[in-house]
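Close look at the chain arrangement
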Amino acid sequence: MAANEDLEELPGVGPATAEKLQENGFDSYQGLAVASPGELSNTADVGESTASDIIQAARKAADIGGFESGAQVLERREEIGKLSFNIDEVDDLLSGGVETQSITEVYGEFGSGKSQVTHQLSVNVQLPKEHGGLHGSAIFIDSEDTFRPERIDDMIRGLDDEIIAATMEDREIEGEPGEDEAMEELLESFLDNIHVAKAFNSNHQILLAEKAKELASESQDDEFPTRLLCVDSLTAHFRAEYVGRGQLAERQQKLNKHLHDLMRVGDLNNTAVLVTNQVSSNPDSFFGDPTQPIGGNILGHTSTFRVYLRKSKGSKRIFKLVDAPNLADGEAIMRVEDEGLVPE
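Residues numbered from 1 in each chain as written. Predicted model: local features only at pLDDT ≥ 70, side-chain atom pairs only at ≥ 80, totals over all residues. Heavy atoms only, no water.

When helices and strands are counted, the chain shows 15 helices and 13 strands. In terms of overall size, the chain behaves like a compact globule, its C-alpha atoms giving a radius of gyration of 21 Å where 344 residues would be expected to give roughly 20 Å. Partitioning the intrachain contacts of the chain with sequence separation of at least 6 by distance along the chain shows that 62% fall at a separation of at least 24. Counting every atom, the chain has about 16,600 Å² of accessible surface; 46% of that belongs to carbon and sulfur. Taking the average location of the 30 positive side-chain charges in the chain and that of its 65 negative ones, the two points are 10 Å from each other. (Helix = DSSP H or I, 4+ residues; strand = E, 2+ residues; numbered from the N terminus. Rg over C-alpha atoms; globule rule 2.2 N^0.38 Å. Contact = heavy atoms within 4.5 Å. Areas by Shrake-Rupley, 256 points an atom, 1.4 Å probe, with all protein chains shown as cover. Lys, Arg positive; Asp, Glu negative; His and termini not counted. Charge placed at Lys NZ, Arg CZ, Asp CG, Glu CD.)

Okay, structure coming up:
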């Protein structure tokens, strides 16, 4: 569906418009069907009326936008993958792991282990499905200079020998777990499947989300299709650039659009979206934990799953599921060690 001539079958789409749409990631009827007229108008340099006609035609062609039965929804949900932490207590809390086609938000104080989660899942997503992975690749949007390939190396070496052996066999890497040459080749293959981009400000971060949509779409026929999109951290740039109540409305509006761009990557490509979030302390809170996630109701309503990560004694971390549409709230304990995230 990514060829120009397919898009040109839609009303109002000529060769030049089709090329502009493709350049901006609209290379399928399904992608056009879920766009807004304003967004398409700005992208393809056409009037909103023409953009609306294009979207309506794409919806008919993609057979999208109508009602479906609960049984059909259940059948579609069976395509959803579960990305395992390989920590039984955490996976049980999440009913198997982090879901594809959903946004999972992990918030917590500095040093609570949010970036450790993004690194660990960037490793785990590449594992064979029988070992909790999705046999996929990861996209990592880095807004706080947190990505460290050395940490990926630690986490790969920290995997069980059985998982390493199965992964090496899957990638046709000769040798035994622990052998230097084989492990170096394994590390290189893992890093090749993590696509990292550093976001320098909020506008750049929004642009990278749009580029991620293109990359995820193009990878779906690859051996390792994109199955995880990490943003670490989602709110850092927005928090720094939009200061004070006077800029709050503009910040929330941009954040809302950004979140919906991320959600679209997940929905269209069966990808898990994992975002980390900073916190602030609520001075009006006299009882309980005063820690509150940044982003307000916009982020609260858009995130499918919300996880509060907090420090405990030593390397222990409390993994608390705060909100989920179909799961009970609860807590699990894990540890952050040199070899990665491990059970208590």
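After that view, the rundown keeps rolling.
Let us now look at the UniProt feature "binding site: ATP" (unreviewed entry) in the chain. Annotation from UniProt places "binding site: ATP" (unreviewed entry) at Gly108, Glu109, Phe110, Gly111, Ser112, Gly113, Lys114 and Ser115. As for its position among the elements, Gly108 is in the loop between strand 3 (103–107) and helix 8 (114–124). In this view, Gly108 contacts Lys114, Asn277, Gln278, Val279, Tyr308 and Leu309; residues no more than four positions away in its chain are not counted. Residue position: Ser115 is located in helix 8. Discounting residues that sit within four places of it in the chain, Ser115 has contacts with Thr146 and Asp232. (UniProt positions renumbered as here; feature names shortened; annotations may be inferred.)

This part covers the pattern of salt bridges. Across all of its chains, the model carries 14 salt bridges by this definition. In this structure, Asp154 and Arg151 form a salt bridge, with 3.5 Å as the shortest nitrogen-oxygen distance. Taken together, the residues span about one helical turn, with Asp154 and Arg151 both in helix 9 (residues 149–157) at a distance of 3 residues. A cluster of three or more residues bridged by salt bridges with shared partners is formed by Asp153, Arg157 and Glu184. (Salt bridge = Lys/Arg side-chain N within 4 Å of Asp/Glu carboxyl O.)

Before going further, it helps to spend a moment on the nonpolar core. Ranked by size, the top nonpolar core spans 46 residues in total, and within it Phe85, Leu228 and Phe319 carry the most contacts. The element contributing the most residues to this core is helix 11 (residues 180–192), with 5 residues. Contacts of Phe319, omitting those with residues within four sequence positions, involve Phe85, Val90, Leu93, Leu94, Val307, Tyr308, Leu309, Gly330, Glu331, Ala332 and Met334. Counting 21 residues, the second largest nonpolar core, distinct from the first, contains Leu208, Tyr242, Val273 and Leu299. (Core = buried A, V, L, I, M, F, W, Y, C linked by side-chain atoms within 4.5 Å. Buried < 20%, exposed > 50% of the residue type's maximum accessible area, 1.4 Å probe, protein only.)

Moving on, we get to helix 9. Three or more residues of helix 9 are buried, namely Arg151, Ile152, Asp153, Met155 and Ile156. Along its buried surface, helix 9 packs onto helix 8, helix 10 (161–170), helix 11, strand 5 (194–198), strand 12 (330–337) and strand 13 (340–343).

In this section: helix 10. The periodicity of an α-helix, 3.6 residues per turn, causes residues three or four positions apart to be oriented the same way. Taken together, the buried positions of helix 10 are occupied by Ile163, Ile164, Ala166, Thr167 and Met168. Against helix 9 and helix 11 lie the buried residues of helix 10. Two residues or fewer past helix 10, Glu172 is found with a positive phi of approximately 60°.

Attention shifts here to the packing of aromatic side chains. Tallied over the full model, the rule gives 3 aromatic pairs. Stacked on the ring of Phe190, the Lys or Arg Arg171 has its end atom at 4.2 Å from the ring centre. Against the face of Phe26 rests Lys213, its NZ or CZ located 4.4 Å from the ring centre. (Phe/Tyr/Trp six-rings, centres within 6.5 Å; stacked < 30°, edge-to-face > 60°. Lys NZ or Arg CZ within 6 Å of the ring centre and 35° of its normal.)

On to the packing of helix 10 against helix 11, then. Put simply, helix 10 and helix 11 touch, their axes get as near as 11 Å, and they point 70° apart. As far as their axial angle goes, helix 11 and helix 10 are roughly perpendicular. Taking contact as the criterion, the partners of Ile164, Thr167 and Met168 in helix 10 are, on helix 11, Ala182, Met183, Leu186 and Phe190. Of the residues assigned to the contact of helix 10 with helix 11, the class counts are 6 nonpolar, 1 polar and no charged. (Axes fitted to C-alpha atoms, helices over the stretch in contact; angles between N-to-C directions. Parallel < 35°, antiparallel > 145°, perpendicular 65-115°, else oblique. Nonpolar A, V, L, I, M, F, W, Y, C, P; charged D, E, K, R; others polar.)

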